[in-house]
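Structural description and commentary
What follows is the residue order along each chain.
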Amino acid sequence: MNPDRTPHPSDPRRRLKPVSNPVKPVSNLATARRSSIRVRAAVATALVAVLILATQRPAAAVEQELGPLPASAIPGYITAAVNSPDRPAADKDKDASRDPAQMMAFFGIKPGMKVADIWAAGGYTTELLARIVGPTGTVYSQNAPFPAKFKDAETAWHDRLKEPGLGNVVEVTKGFDQPDFLGVPPATLDAALINLNYHDLIARGFDTARFNQAVFRALKPGGIFGTVDNSAQPGSGARDAATLHRIDEQLEIAQIEKAGFRLVAASSLYRNPHDPRTQPFWKLDHHQDRFMLKFVKPR
Ligand SMILES: C[S@@+](CC[C@H](N)C(=O)[O-])C[C@H]1O[C@@H](n2cnc3c(N)ncnc32)[C@H](O)[C@@H]1O
């Protein structure tokens, strides 16, 4: 299934069955008038139904997750970036779990794009983005000021951005309480990613409504907002964000859609149906179940 081409669930085409022609042959004028009134009433009712349905926002806008992409669907510029001999060995060690070629292809990252890596931490995702967008693109690598506990990640980030080949990265240190925390003018980004940190926004008590609105403003119409996160149990909302570093997927979708984004694709790439979602990922001897979602800012 191609969810980009599947009508959105709020699209009345998905909800309304085609109506067969209700107009029957008439034998006299009175019957014809009654019939015409009925037709007009039916049309008016249908229009009201369409208007109501058009304003409804379902929790999930895609019905089916996409599986991993075939190797032939991964562009050469992504494979080349992931296989770059200049990437640090510590990053390459993470690739088995993070499968960055699949992730970047799913989000549609391309050379020349202007993209943001939100909550970049040590910069694993930033470096991959920089190598894919190349010299004609720009990566805004953003972190909020680091608390003392995470100073090592801050040092690693600063050191990384000095490396040759990352000259297209703009370092942005701004807190999420600032409306322009991405440091870009409105409607300038082609894509913004937050990889494994959206739940931390909630854990740290940041205003996610304001956060999502700021991302929405920064993206061009048609721009992509991509997220990967650790799954919590369905229906658990924000309960496990600070403790298990997991989040209920439906909560994340609802918050992001509320800012005006439309969910256009979901991937099963990081799924693990055997994960009971009762432990934080660092206590597991298996991969935690994760969800990967692609949203678009409507044109
Ligand atoms: C799973 S990693 C993902 C990082 C990054 N988004 C990426 O794509 O590589 C999560 C990182 O967030 C950072 N982190 C977690 N809690 C944090 C906090 N309260 N303040 C700053 N950084 C934090 C840690 O450095 C941790 O390695």
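Not measured: the values here are computed from a predicted model. (Residues numbered from 1 in each chain as written. Predicted model: local features only at pLDDT ≥ 70, side-chain atom pairs only at ≥ 80, totals over all residues.)

A few points about the confidence of the model for the protein
- Per-residue confidence for the protein gives a mean pLDDT of 85; residues scoring 70 or more make up 80%.
- The model gives residues 1–32 a pLDDT under 50, and that stretch makes 32 contacts with residues more than four places away or in other chains. (pLDDT = per-residue confidence, 0-100. Contact = placed C-beta atoms within 7 Å.)

Let's talk about the sheet that holds strand β1 (residues 114–118)
- Pairing in this open sheet of seven strands is mixed, and the strands run β3-β2-β1-β4-β5-β7-β6 from one edge to the other. Whereas interior strands pair on both sides, the edge strands pair on one side only; in this sheet they are β3 (169–173) and β6 (262–267). Neighbour-to-neighbour, the strand axes of the sheet open up by a mean angle of 20°, direction not taken into account.
- As paired elements, β6 and strand β7 (residues 290–296) share five bridges and run antiparallel to each other. The residue of β7 that forms the bridge with A265 is K294. (Pairing = 2+ DSSP bridges. Helix = DSSP H or I, 4+ residues; strand = E, 2+ residues; numbered from the N terminus. Axes fitted to C-alpha atoms, helices over the stretch in contact; angles between N-to-C directions.)

Digging into the site of the ligand
- Taken together, 15 residues lie around the ligand, and A121, Y124, T125, A153 and N195 are the ones closest in.
- Class assignment of the residues belonging to the shell around the ligand gives a composition of nine nonpolar, four polar and two charged. (Near = placed C-beta within 6 Å. Nonpolar A, V, L, I, M, F, W, Y, C, P; charged D, E, K, R; others polar.)

Observations regarding the pairing of strand β4 (residues 189–195)
- Across the seven residues of β4, seven count as buried, placing the element largely inside the fold.
- For β1 and β4, the ladder comprises four bridges, and the chain directions are parallel. Paired with A116 across the two strands is A192, which belongs to β4.
- As paired strands, β4 and strand β5 (residues 219–230) are joined by six bridges and run parallel to one another. Counterpart to L189 in the pairing with β5 is L219. (Buried ≥ 20, exposed ≤ 12 C-beta atoms within 10 Å, placed from the backbone.)

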